[in-house]
Amino acid sequence: MNIVFSPIITEKLKMLMLKKYRITDTGSSGASKFLSKKIDEEYKLLNLPEY
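Residues numbered from 1 in each chain as written. Predicted model: local features only at pLDDT ≥ 70, side-chain atom pairs only at ≥ 80, totals over all residues. Heavy atoms only, no water.

The next subject is helix α2 (residues 28–46). Residues three or four positions apart in an α-helix share a direction because the helix packs 3.6 residues into each turn. Taking 1.5 Å per residue, 19 residues should reach 27 Å; α2 reaches 27 Å between its end C-alpha atoms and fits that length. Listed in full, the buried residues belonging to α2 are Gly30, Ala31 and Phe34. Down the axis of α2, the buried side of the element spans an arc of 95 degrees, and every buried residue falls inside it. In this structure, α2 carries Ser28, Lys33, Ile39, Lys44 and Leu46 as exposed residues pointing more than 90 degrees from its buried face. Packed against the buried residues of α2 are α1 (7–19). Remark: Asn47 follows α2 within two positions and exhibits a positive phi of approximately 55 degrees. (Helix = DSSP H or I, 4+ residues; strand = E, 2+ residues; numbered from the N terminus. Expected span 1.5 Å × (residues − 1). Buried < 20%, exposed > 50% of the residue type's maximum accessible area, 1.4 Å probe, protein only. Arc of directions from axis to C-beta. Contact = heavy atoms within 4.5 Å.)

As a further point, take the environment of Asn2. Examined against the element boundaries, Asn2 turns out to sit in the segment before α1. Residue Asn2 is classed as exposed on the basis of its relative accessible area, which comes to 78%. With twelve residues separating them in the primary sequence, Asn2 and Lys14 have C-alpha atoms 18 Å apart.

Right, let's get into the layout of surface pockets. The gaps of empty space that remain are located by a probe, the size of a water molecule, rolled over the atoms. In this structure, the largest pocket spans a volume of roughly 450 Å³. Lining the largest pocket are 16 residues, and of these Ile3, Phe5, Ser28, Ser32 and Leu35 sit closest to its centre. Put simply, the parts of the chain that give the lining of the largest pocket at least two residues each are α1 and α2. Its residues assigned to classes, the lining of the largest pocket comprises eight nonpolar, seven polar and one charged. (1 Å grid on protein atoms, 1.4 Å probe; cavity = no way out; pocket = protein on both sides within 12 Å on 5 of 7 lines; lining within 4 Å. Points joined across faces, edges and corners; volume = space filled by probe spheres on them. Nonpolar A, V, L, I, M, F, W, Y, C, P; charged D, E, K, R; others polar.)

See below:
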């Protein structure tokens, strides 16, 4: 899946990764890993039934 953020959101995501989570890889691959992990965590918190 390909997602493109507006420049403002991209900058906010970089700042969030750097300041809150201390993640220095703010390139597209680092952001992709970070968001994948966050989405996975959120999904698990919902306790939805499997397919």
